[in-house]
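Examining the three-dimensional arrangement
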Amino acid sequence: MLKHRGFPGRLPGTDFQFTIRRANPDGATPLIKRERYRDRRPPDKRADLAFMASLWAHFGTEPFERGNLDAGRLSWLFGREVLPYDSPFDPVSYESLLIIDEKAARLSFPEAFDSPEEWA
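Thresholds, definitions, all that
- Residues numbered from 1 in each chain as written.
- Predicted model: local features only at pLDDT ≥ 70, side-chain atom pairs only at ≥ 80, totals over all residues.
- Heavy atoms only, no water.
- Pairing = 2+ DSSP bridges.
- Helix = DSSP H or I, 4+ residues; strand = E, 2+ residues; numbered from the N terminus.
- Salt bridge = Lys/Arg side-chain N within 4 Å of Asp/Glu carboxyl O.
- Buried < 20%, exposed > 50% of the residue type's maximum accessible area, 1.4 Å probe, protein only.

1. Quick look at the sheet that holds strand S2 (residues 82-84)
One open sheet holds the three strands; their spatial order is S1-S3-S2, and the pairing between them is antiparallel. Strands at the two margins of the open sheet, each flanked by one partner only, are strand S1 (64-65) and S2. Here S1 runs beside strand S3 (residues 97-100); their pairing, made up of two bridges, is antiparallel. Bridged to Glu 65 within S3 is Leu 97.

What follows is the structure in structure tokens.
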């Protein structure tokens, strides 16, 4: 499992996790598309924004390996702002490649692109 050095481990001051420390011996947690409802709590929305900004600051438009990025946090963006890069895509592999859909991400999280260094 690739560890993304320099990527924030969590949203500062919270328990919202962005990375995992070690690989799950039973296999990676599958990436799924989670529905983001309008009535989500503000801290959850802030965590999504900070995670998107961190992804943009670290990877930009380049494909990236899932590695130690948290599956739960990725699943909130998966299928919309973060898309599979390789085909066929394996949702339970730490080596799966992903890419940011910049157009969708800018529509959903415009603040993440104003100053991504602030979040990363």
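2. Some words on the pattern of salt bridges
Applying the stated criterion across every chain yields a total of seven salt bridges. With a shortest N-O distance of 2.4 Å, Arg 40 and Asp 48 are connected by a salt bridge. Note on Asp 48: relative accessible area 2%, which makes it buried. A salt bridge links Arg 73 to Asp 48, with the shortest nitrogen-to-oxygen separation between them at 2.8 Å. A residue pair is termed long-range when its members are at least 10 positions apart, and Arg 73 in helix H2 (residues 71-75) and Asp 48 in helix H1 (residues 42-59) qualify at 25 residues. Overlapping salt bridges, with partners in common, bring together Arg 36, Arg 80 and Glu 81 in one network.

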